Amino acid sequence: MAVAGILGVTGLGGAPSKAWAQQHLQRRMATEEAIVRGAQHMCELLSSNEPFFVGRNGTIEIEVLYFWFLFRFGRAEEEKKPYTERLRYPLQMNAGVFPNTDESIDRWCESYSSAMGWQDAMAAGWYAPLVVAEHALLARFTYESAVHMPLRSLEPYYVAPEHQWTRRLSGKRVCVVSSFARTIANQLRDSGRLGGIWTGQRAGLLPADVTWSFV
């Protein structure tokens with residue numbers, strides 16, 4: 001059963017109604033005011049010099065985690081529904097969860113849902129088809145103190161320079177952990193050249209005095 005087909009259900013594992021999710025989404029809509037408010041919060045976190053955790057859920061992560069939440073979390077072994085191939089394959093290929101057995105995916109879901117509780121802020125509600133699923137997961141696995149913000153709050157080119165969190169990286173050491181570390185390093189190295197990514201209107205988004213390392 002595709003997760004997209006169960007997003008509007010109620011009474012299953014605490015899933016909210018579709019109407020509730022739509023109302024909640026409207027309150028979190030990416031208005032300019034909400035984007036700036038989220039960007040300001042990011043600036044405050046970086047200026048505090050205290051550790052913090054900000055994230056964003058991917059689409060396949062939401063789908064698999066919601067399936068686990070509805071049909072496997074807290075259930076007896078004989079009551080658990082197996083993950084479908086439609087979920088297994090992209091979770092392995094796009095999110096790197098291997099092996100994609102039921103047992104392995106369950107362990108991943110347990111670790112992922114636990115990590116959600118450590119977040120100080122999250123870009124949420126950015127993909128409308130999965131908003132019901134995401135908000136059900138946020139309600140169950142994150143703390144009320146966690147700040148929810150539009151995705152564009154994390155993209156500094158959408159706000160005025162004084163609200164761009166990347167400018168707060170000035171003088172700091174930044175470690176980039178990515179499967180595309182070499183590409184990112186090359187983009188930063190070439191940023192000052194004609195036609196570089198961080199030139200023109202985007203100039204200044206990344207301060208020149210950041211010490212970068214890549215993993």
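The coordinates are above.
Cut-offs used in this document
Residues numbered from 1 in each chain as written. Predicted model: local features only at pLDDT ≥ 70, side-chain atom pairs only at ≥ 80, totals over all residues. Heavy atoms only, no water. Helix = DSSP H or I, 4+ residues; strand = E, 2+ residues; numbered from the N terminus. Contact = heavy atoms within 4.5 Å. Pairing = 2+ DSSP bridges. Axes fitted to C-alpha atoms, helices over the stretch in contact; angles between N-to-C directions. Salt bridge = Lys/Arg side-chain N within 4 Å of Asp/Glu carboxyl O. Core = buried A, V, L, I, M, F, W, Y, C linked by side-chain atoms within 4.5 Å. Buried < 20%, exposed > 50% of the residue type's maximum accessible area, 1.4 Å probe, protein only. Expected span 1.5 Å × (residues − 1). Polar contact = N/O pair within 3.5 Å; in protein donor to acceptor, adjacent residues only side chain to side chain.

**Let's talk about the environment of asparagine 57**
The residue asparagine 57 is located in the loop between β1 (54-56) and α3 (59-71) in this model. Along the backbone, asparagine 57 and alanine 123 are 66 residues apart, and their C-alpha atoms lie at a distance of 7.8 Å. Residue contacts for asparagine 57: discarding those within four places in its chain leaves Ile62, Tyr112, Met116, Met122, Trp126, Glu134 and Leu138.

**Remarks on the sheet that holds β1**
Taking strand neighbours across the sheet as the criterion, the three strands line up as β1-β2-β3 in an open arrangement whose pairing is parallel. Edge positions in the sheet fall to β1 and β3 (147-149), since each has one partner strand and no second. Averaged over all pairs of adjacent strands, the angle between strand axes in this sheet comes to 25°, irrespective of strand direction. Bridge analysis of β1 against strand β2 (residues 121-123) gives three bridges, and the strand direction is parallel. What sits directly across from glycine 55, in β2, is methionine 122. The strands touched by helix α2 (residues 32-47) are β1, β2 and β3; relative to β3, the strand with the most contacts, the crossing angle is about 130°.

**Let's talk about the pattern of salt bridges**
Here the structure, examined in full by the defined rule, presents six salt bridges. In this structure, glutamate 63 and arginine 86 form a salt bridge, with 2.6 Å as the shortest nitrogen-oxygen distance. Of the two residues, glutamate 63 sits in helix α3 while arginine 86 sits in helix α4 (residues 85-95), which places them 23 residues apart along the sequence. Residues participating in the shared-partner salt-bridge network are Arg72, Arg88, Asp102 and Asp106.

**Describing the environment of proline 161**
By secondary structure assignment, the location of proline 161 is in the loop between β3 and β4 (173-176). Placed 44 residues apart in sequence, proline 161 and leucine 205 show a C-alpha to C-alpha distance of 7.9 Å.

**Quick notes on the nonpolar core**
Core analysis: the largest hydrophobic core is formed by 28 residues, its most contacted members being Val64, Tyr66, Phe69, Cys109 and Leu137. The element contributing the most residues to this core is α3, with ten residues. If you look at the next biggest cluster of nonpolar residues, it comprises eleven residues, including Met149, Trp165, Leu169 and Val174.

**Some remarks on unusual backbone geometry**
Here the bond from phenylalanine 98 into proline 99 is cis, since omega is -5°, no more than 30 degrees from zero. For proline 99, the position within the fold is in the loop between α4 and α5 (102-116). The residue asparagine 49 is not glycine, and still its phi comes out positive at about 60°. You can see asparagine 49 is positioned in the loop between α2 and β1. Owing to a relative accessible area of 60%, asparagine 49 belongs among the exposed residues under this scheme.

**Some points on α3**
Given a rise of 1.5 Å per residue, 13 residues ought to cover 18 Å, and the 18 Å separating the end C-alpha atoms of α3 matches this to within 8%. The complete set of buried residues in α3 reads Ile60, Glu61, Ile62, Glu63, Val64, Leu65, Tyr66, Phe67, Trp68, Phe69, Leu70 and Phe71. On its buried face, α3 is in contact with α4, α5 and α6 (131-141).

**A closer look at the pairing of β4**
The alternating pattern of β4 places Val174 and Val176 on a buried face, while none of Arg173 and Cys175, on the opposite face, is buried. Pairing of β4 with strand β5 (residues 211-214), which is carried by four bridges, proceeds in the parallel orientation. Residue pairing across strands places cysteine 175 opposite serine 213, the latter belonging to β5.

**Comments concerning the side chain of serine 113**
Note that serine 113 resides in helix α5. Here the side chain of serine 113 touches glutamate 110 through a polar contact of 3.1 Å, landing on its backbone oxygen. Setting aside its immediate chain neighbours within four residues, serine 113 contacts Leu65, Trp68 and Phe141.

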